[in-house]
Amino acid sequence: MEKLMENEVFRAFTTYAVIVIVKMMLMGPVTAYFRFTRGSFANEEDVARKPVEERKKLLVTHPDVERARRCHQNDLENIIPFVGIGLLYALTGPELATALLHYRLFVGARIFHTIAYITVLPQPSRGLSWILGMLVTFSMAYRVLDKIFLL
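What you see is a predicted model; the values in this text were computed from it and never measured.

Draft legend 1. Examining the overall build of the protein more closely. Broken down by element type, the protein carries five helices and zero strands. Reading the protein from its N end, one meets helices and strands in the order α-α-α-α-α. Relative to the 2.2 N^0.38 estimate, which gives 15 Å for 151 residues, the radius of gyration of the protein is 19 Å and therefore markedly larger than a compact globule would have. Reported as C-alpha extents along the three principal axes, the dimensions of the protein are approximately 65 × 35 × 30 Å. Here the protein holds 151 residues, and 34% of them are scored as buried. Accessible surface for the protein amounts to roughly 9500 Å². Of this, 65% is attributable to carbon and sulfur atoms. Averaging the locations of the 18 positively and 14 negatively charged side chains of the protein gives two centres separated by 5 Å.

Draft legend 2. Representation of helix 5 (residues 125-148) within the structure. Helix length check: helix 5, at 24 residues, gives a terminal C-alpha distance of 35 Å against a target of 34 Å (1.5 Å per residue), a fit within 8%. Turning to helix 5, its buried residues number three or more, namely S125, S129, G133, V136, T137, M140, A141 and V144. Where helix 5 is buried, its residues meet helix 3 (63-91) and helix 4 (96-118).

Draft legend 3. Focus on the side chain of T137. Following the sequence through the fold, T137 ends up in helix 5. By relative accessible area, which is 7% here, T137 ends up buried. Not counting residues within four places of it along the chain, the set of residues in contact with T137 comprises P81, F82, I85 and F106.

Draft legend 4. Highlighting the packing of aromatic side chains. Here the structure, examined in full by the defined rule, presents nine aromatic pairs. A ring pair is formed by F13 and F82, whose centres lie 6.3 Å apart and whose planes are at 45 degrees; its orientation type is tilted. Placement of the pair is F13 in helix 1 (residues 8-38) and F82 in helix 3, with a sequence separation of 69 residues. The same class applies to F13 and to F82, which are both buried. Consider the rings of Y33 and F34, whose centres lie 5.4 Å apart with planes at 65 degrees: the pair is edge-to-face. Three or more aromatic residues link up through ring pairs in this structure, and these residues are F10, F13, Y16, F82, Y89, Y103 and F106.

Draft legend 5. A look at helix 4. The end-to-end C-alpha distance of helix 4, which contains 23 residues, comes to 33 Å, matching closely the 33 Å that a straight helix rising 1.5 Å per residue would cover. All buried positions along helix 4 are accounted for by A99, L100, H102, Y103, F106, V107, A109, R110, H113, T114, A116 and Y117. Residues of helix 4 that are buried in the fold lie against helix 1, helix 3 and helix 5. Within two residues after helix 4, V120 carries a phi angle of roughly 60 degrees, on the positive side.

Draft legend 6. Layout of a nonpolar patch on the surface. A surface patch of nonpolar side chains, amounting to about 370 Å² of accessible area, comprises I19, I111, F112, I115 and L121. Top contributing element to the nonpolar patch by residue count: helix 4, with three residues. Looking at the secondary structure, you find I111 in helix 4.

Draft legend 7. Examining the packing of helix 3 against helix 4 more closely. At a minimum axis separation of 10 Å, helix 3 and helix 4 run at an interaxial angle of 175 degrees. One finds that helix 3 runs roughly antiparallel with respect to helix 4. Note on element contacts: helix 4 touches helix 3 through T98, A99, H102, Y103, F106, R110, H113, T114, Y117 and I118, opposite R67, A68, R70, C71, N74, D75, N78, I79, F82, G86, Y89 and A90.

What counts, and where the lines are drawn
Residues numbered from 1 in each chain as written. Predicted model: local features only at pLDDT ≥ 70, side-chain atom pairs only at ≥ 80, totals over all residues. Heavy atoms only, no water. Helix = DSSP H or I, 4+ residues; strand = E, 2+ residues; numbered from the N terminus. Rg over C-alpha atoms; globule rule 2.2 N^0.38 Å. Buried < 20%, exposed > 50% of the residue type's maximum accessible area, 1.4 Å probe, protein only. Areas by Shrake-Rupley, 256 points an atom, 1.4 Å probe, with all protein chains shown as cover. Lys, Arg positive; Asp, Glu negative; His and termini not counted. Charge placed at Lys NZ, Arg CZ, Asp CG, Glu CD. Expected span 1.5 Å × (residues − 1). Contact = heavy atoms within 4.5 Å. Phe/Tyr/Trp six-rings, centres within 6.5 Å; stacked < 30°, edge-to-face > 60°. Patch = residues over 30% accessible without salt bridge, like charges linked within 9 Å, V, L, I, M, F, W, Y side chains within 5 Å. Salt bridge = Lys/Arg side-chain N within 4 Å of Asp/Glu carboxyl O. Axes fitted to C-alpha atoms, helices over the stretch in contact; angles between N-to-C directions. Parallel < 35°, antiparallel > 145°, perpendicular 65-115°, else oblique.

Dropping the structure here:
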């Protein structure tokens, strides 16, 4: 592992993977923030200490909470493949500049996607950032297959 950490491409991958994983992890507290500030809870036990008449008012969905949840779900659908494919890509020995371009574009796209989702920026801003992230991941996947394809 120590030898692997001397590889600049692997270190770059590790850096950017940690950034997007932490970003994804922060979506939980963002969702919780919206739940508390909007008074929108999903489970009976979350409001069990409230008076009965107030419970019904709190066990409702709120558009802001659902938006944060969908943003988090989108992160799960995109960041996990990036981490797996990005790791394989890093292990194929790409040029550092090319790897950095892939990693930076993906991280930038995901951060912008979250901003666009949570602050409700008009489309196609969110859609374009999602497409960019997907294209980066597909590009790395293609490069991995091109390098190691063996059937």
